[in-house]
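The chain contents come next:
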Amino acid sequence: MGVLTDYFRAPDAAAVVRSLEETDGGSPLFAEPPLFDGVDAKGVDPAVVLGQLIAAVLRTEWRVDLVEQTAVWPASPEPGPEGPESEDDPWATGPWVSELPPQVRDTLAGVRDFEVPAVVARWVQAEELQGASVENVQPLAEELFLLAGRARDADERLYCWMSL
């Protein structure tokens, strides 16, 4: 079973928390009507797979700290190093939402149309995308670039909603 991931833009973390309270933690993209502009990106976790896309854009090696995240949801205090105390803790069960830094948004938004094929060709070389083709992955990359551009233009942040 893969991780469900949705990327969306919002004015701030408080607006995200309000939307998650309204949807009982459900993805704001699948509310009726959708609460935020976003992209369904199943399996594209921020740290690794999106990090690989950022590395492809920057023409650098992927590093675990390339995409830093700030936890927004669950709204309860984050557990310590020992992890959640119970299996029912929202930190154990999800969903989870994190805010991505403006540098991630701006890096994605800065990809120009003519650069997309080369960036995607580098991205599909990531081990996590083994077996993927440029043709299959390029539409998702383009959606992420466009979403980031709309977020930048509106002075909004990018967020990632994840669930098992």
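All of these numbers come straight from a predicted model, not from anything done at the bench.

### Remarks on the overall build of the protein
- The secondary structure content of the protein amounts to six helices and five strands.
- The linear arrangement of helices and strands in the protein, starting from the amino end, is β-α-β-α-β-α-β-α-α-α-β.
- Against the 2.2 N^0.38 benchmark of 15 Å for 164 residues, the protein shows a C-alpha radius of gyration of 16 Å, consistent with a compact globule.
- Structurally, the protein occupies a C-alpha span of about 45 × 35 × 25 Å along its principal axes.
- By the burial criterion, 46% of the 164 residues in the protein qualify as buried.

### Let's talk about the pairing of strand β1 (residues 4-10)
- Most of β1 is tucked away: six of the seven residues are buried.
- Sheet analysis places β1 next to strand β5 (residues 157-163), joined by seven bridges and oriented antiparallel. Note that in β5 the partner of L4 across the bridge is S163.
- Note: β1 against strand β2 (residues 38-40), three bridges, orientation antiparallel. Looking at the pairing, F8 lines up with G38 of β2.

### Brief notes about the side chain of E99
- By secondary structure assignment, the location of E99 is in strand β4 (residues 96-100).
- With a relative accessible area of 15%, E99 lands in the buried category.
- In terms of polar contacts, E99 uses its side chain to reach the side chain of R157, at 2.8 Å.
- Among the polar contacts made by the side chain of E99, one reaches the side chain of Y159 at a distance of 2.7 Å.
- In this structure, E99 is in contact with A13, E68, Q69, T70, V72, R157, L158 and Y159, ignoring residues within four places of it in sequence.

### Considerations on the confidence of the model for the protein
- Scored by pLDDT, the protein comes out at a mean of 93, with 99% of its residues at no less than 70.
- Confidence scores differ between elements of the protein, with helix α3 (residues 90-93) showing the lowest mean pLDDT of 84 and helix α4 (residues 102-109) the highest of 98.

### Considerations on the environment of V16
- Turning to its location among the elements, V16 is positioned in helix α1 (residues 13-22).
- Spatially, the C-alpha atoms of V16 and E127 are 32 Å apart, while their sequence positions differ by 111 residues.
- Discounting residues that sit within four places of it in the chain, V16 has contacts with F8, A10, F36, V72, V97 and Y159.

Calculation notes
Residues numbered from 1 in each chain as written. Predicted model: local features only at pLDDT ≥ 70, side-chain atom pairs only at ≥ 80, totals over all residues. Heavy atoms only, no water. Helix = DSSP H or I, 4+ residues; strand = E, 2+ residues; numbered from the N terminus. Rg over C-alpha atoms; globule rule 2.2 N^0.38 Å. Buried < 20%, exposed > 50% of the residue type's maximum accessible area, 1.4 Å probe, protein only. Pairing = 2+ DSSP bridges. Polar contact = N/O pair within 3.5 Å; in protein donor to acceptor, adjacent residues only side chain to side chain. Contact = heavy atoms within 4.5 Å. pLDDT = per-residue confidence, 0-100.

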